[in-house]
Amino acid sequence: MKKFTTRAARLNGIRDIELIERELVCEDDDVIVKNHLIGICGSDKNFYRGQMPPKTAEFRQEPKFPFLLGHESGGEVVAVGSKVCDYKVGDKVIAFGWNNNYADYFKTKAQELQPVPHDLDMDTASLGEPISCAMYSGMNSGVQLGDTVVVMGGGFAGLIIAQCAKKKGAHRVIVADILDGKLELAKKLGADVTINLKKDDPVSIINELTCGIGADVVVEAAGSAESFNTASEIIRHNGKFVFYSWVTTPVTLNISRWHDDGLEFINTCLVHHTWRERYVWTPQTLRPVAQGSVDIKPLVTHEFPLSDIKAGFEMADKDDAAVKIIFRP
């Protein structure tokens, strides 16, 4: 059995993260991957701030402190167990599991990996999980030619979904956020209209743009009670409400509007489907990215070495204008 020593992130408490040394042993059904780069997910920021969710099928560890953090990464297989037949040493892979991925190396099971498409560079492929999740949402959002689409939240996922909606034929794509920097980036990436939720009234703007009808599709990618309720208010009768965000705390919602206006709800969380569905869908979601139809590189706004994990998370916590922060081992 091969053994690897790695630095790995441990979240000891609220805003208390450090790199510890761990030994990874490749058992019969394990795969060990050397990381190329790692990204900070919005859920990681929530955990860092102490917003730990109830345990779900995603976690093999209790979501409580101390917590071995990280899931967005990709790299090269360096060891496989005797029972593993899907991967071999040297294969390039994308991570799709919570395996303490803020590390030089991580250990996982074969079903929590995805082969890197041949035409995708490793910087992009290493963010394959958040990219494919957002692309899956955009591709399965029900957007039709001529639609007015509102994306609530101009973060990494929101700006991918907005680009995807425009490519699918939306007549008007509107991105709403609270930060001017993200809204400026949204315009550069093709958004037709942007709304600063701190300065503007989204309901009146959407009503004016749609002659009082409302948006055909609203994608919730901000993850707050205010965002969910604003989305509920600006969507048209029988419109499509697309779930993307993971809201980890209870919120109060206007369910009456959902019922009375017959809204259609679409859950587009690819990683919460079975790994078999994900295995089929991921290459399709990454194909437009590899073809250049959706631009990812402007969304990677900051880079740190893994040794500066404290500084990277401090930035993620304090600077919401940072769209995607990455670490290199």
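Before any of the text, the structure's been laid out above.
The sections below set out a description of the structure shown in this document.

Reading the values: the criteria
- Residues numbered from 1 in each chain as written.
- Predicted model: local features only at pLDDT ≥ 70, side-chain atom pairs only at ≥ 80, totals over all residues.
- Heavy atoms only, no water.
- Helix = DSSP H or I, 4+ residues; strand = E, 2+ residues; numbered from the N terminus.
- Rg over C-alpha atoms; globule rule 2.2 N^0.38 Å.
- Buried < 20%, exposed > 50% of the residue type's maximum accessible area, 1.4 Å probe, protein only.
- Pairing = 2+ DSSP bridges.
- Axes fitted to C-alpha atoms, helices over the stretch in contact; angles between N-to-C directions.
- Contact = heavy atoms within 4.5 Å.
- Salt bridge = Lys/Arg side-chain N within 4 Å of Asp/Glu carboxyl O.
- Core = buried A, V, L, I, M, F, W, Y, C linked by side-chain atoms within 4.5 Å.
- Expected span 1.5 Å × (residues − 1).
- Polar contact = N/O pair within 3.5 Å; in protein donor to acceptor, adjacent residues only side chain to side chain.

Helices and strands together make up the secondary structure of the protein, namely 10 helices and 16 strands. Since a compact globule built from 329 residues should have a radius of gyration of about 20 Å, the 20 Å found for the protein is in line with a globular shape. Dimensions of the protein, computed from C-alpha atoms along their principal axes, come out at roughly 65 × 40 × 35 Å. Going through the 329 residues of the protein one by one, you find that 53% of them count as buried.

In spatial order, the strands read 11-10-9-12-13-14; together these 6 strands make up an open sheet with parallel pairing. Every interior strand has two partners, whereas the edge strands, strand 11 (193-196) and strand 14 (264-267), have only one. Here the average twist between neighbouring strands, direction ignored, is 20°. By the bridge criterion, 4 bridges tie strand 9 (residues 148-152) to strand 12 (residues 215-220) in an arrangement that is parallel. Bridging from a neighbouring strand, V150 pairs with V218 of strand 12. Packing against the sheet, helix 4 (residues 156-167) makes contact with strand 9, strand 10 (172-177) and strand 12, and its axis sits at approximately 170° to strand 10. Taken strand by strand, helix 5 (residues 180-188) contacts strand 10 and strand 11, and its axis lies near 175° from that of strand 11.

Before going further, it helps to spend a moment on the pattern of salt bridges. Applying the stated rule across the entire model yields 19 salt bridges. A salt bridge links R10 to E18; the nearest nitrogen and oxygen atoms lie 2.8 Å apart. Residues joined by salt bridges that share partners form a network here, namely R15, K45, R49, D317 and D320.

To continue, consider the sheet that holds strand 4 (residues 67-68). Strand order in this open sheet of 3 strands is 2-1-4, and the pairing throughout is antiparallel. Across the chains shown, the open sheet's two edge strands, defined by having one partner strand only, are strand 2 (16-25) and strand 4. Two elements, strand 1 (residues 3-13) and strand 2, share 10 bridges in a ladder whose sense is antiparallel. What sits directly across from A8, in strand 2, is I20. Sheet contacts for helix 10 (residues 309-318): strand 1 and strand 2; angle to strand 2, the most-contacted strand, approximately 130°.

Another point: the nonpolar core. Within the largest apolar cluster, 46 residues are counted, with the highest numbers of intra-cluster contacts made by I131, I160, V175 and L299. Per element, the largest residue contribution to this core is 8 residues, and it comes from helix 4. Sequence-distant contacts of V175, defined by excluding residues within four places in its chain, comprise V151, G153, G154, L159, A162, L183, A186, A191, V193, T194 and I195. A9, F67, W98 and A316 belong to the second largest nonpolar core, which has 19 residues in total.

In an α-helix, one turn spans 3.6 residues; hence positions three or four apart end up facing the same way. Here helix 3 (residues 128-139) is 12 residues long and its end C-alpha atoms lie 15 Å apart, about the 16 Å a rise of 1.5 Å per residue gives. A large share of helix 3 lies buried, amounting to 11 of its 12 residues. Buried within helix 3 are the following residues: G128, E129, P130, I131, S132, C133, A134, M135, Y136, S137 and G138.

Time to look at the side chain of N35. If you trace the backbone, N35 turns up in strand 3 (residues 31-39). For N35, a relative accessible area of 6% translates into the label buried. In terms of polar contacts, N35 uses its side chain to reach the side chain of S73, at 2.9 Å. Leaving out residues up to four positions away in the same chain, N35 has contacts with S73, G74, G75, N101, A103, D104, F106 and P329.

Looking now at the pairing of strand 3. When you tally the buried positions in strand 3, you get 7 out of 9 residues, the bulk of the element. Sheet topology places strand 3 next to strand 5 (residues 72-80); 8 bridges connect them, and they run antiparallel. Paired with V33 across the bridge in strand 5 is V77. Summarising the sheet, strand 3 and strand 7 (residues 105-108) pair through 4 bridges and their orientation is antiparallel. Bridge pairing in strand 7 links K34 to Y105. Relative to strand 16 (residues 324-328), strand 3 runs antiparallel, the two sharing 2 bridges. Each bridged residue has a counterpart across the sheet, and for I38 the counterpart in strand 16 is F327.

These figures come from the coordinates and say nothing about function on their own.
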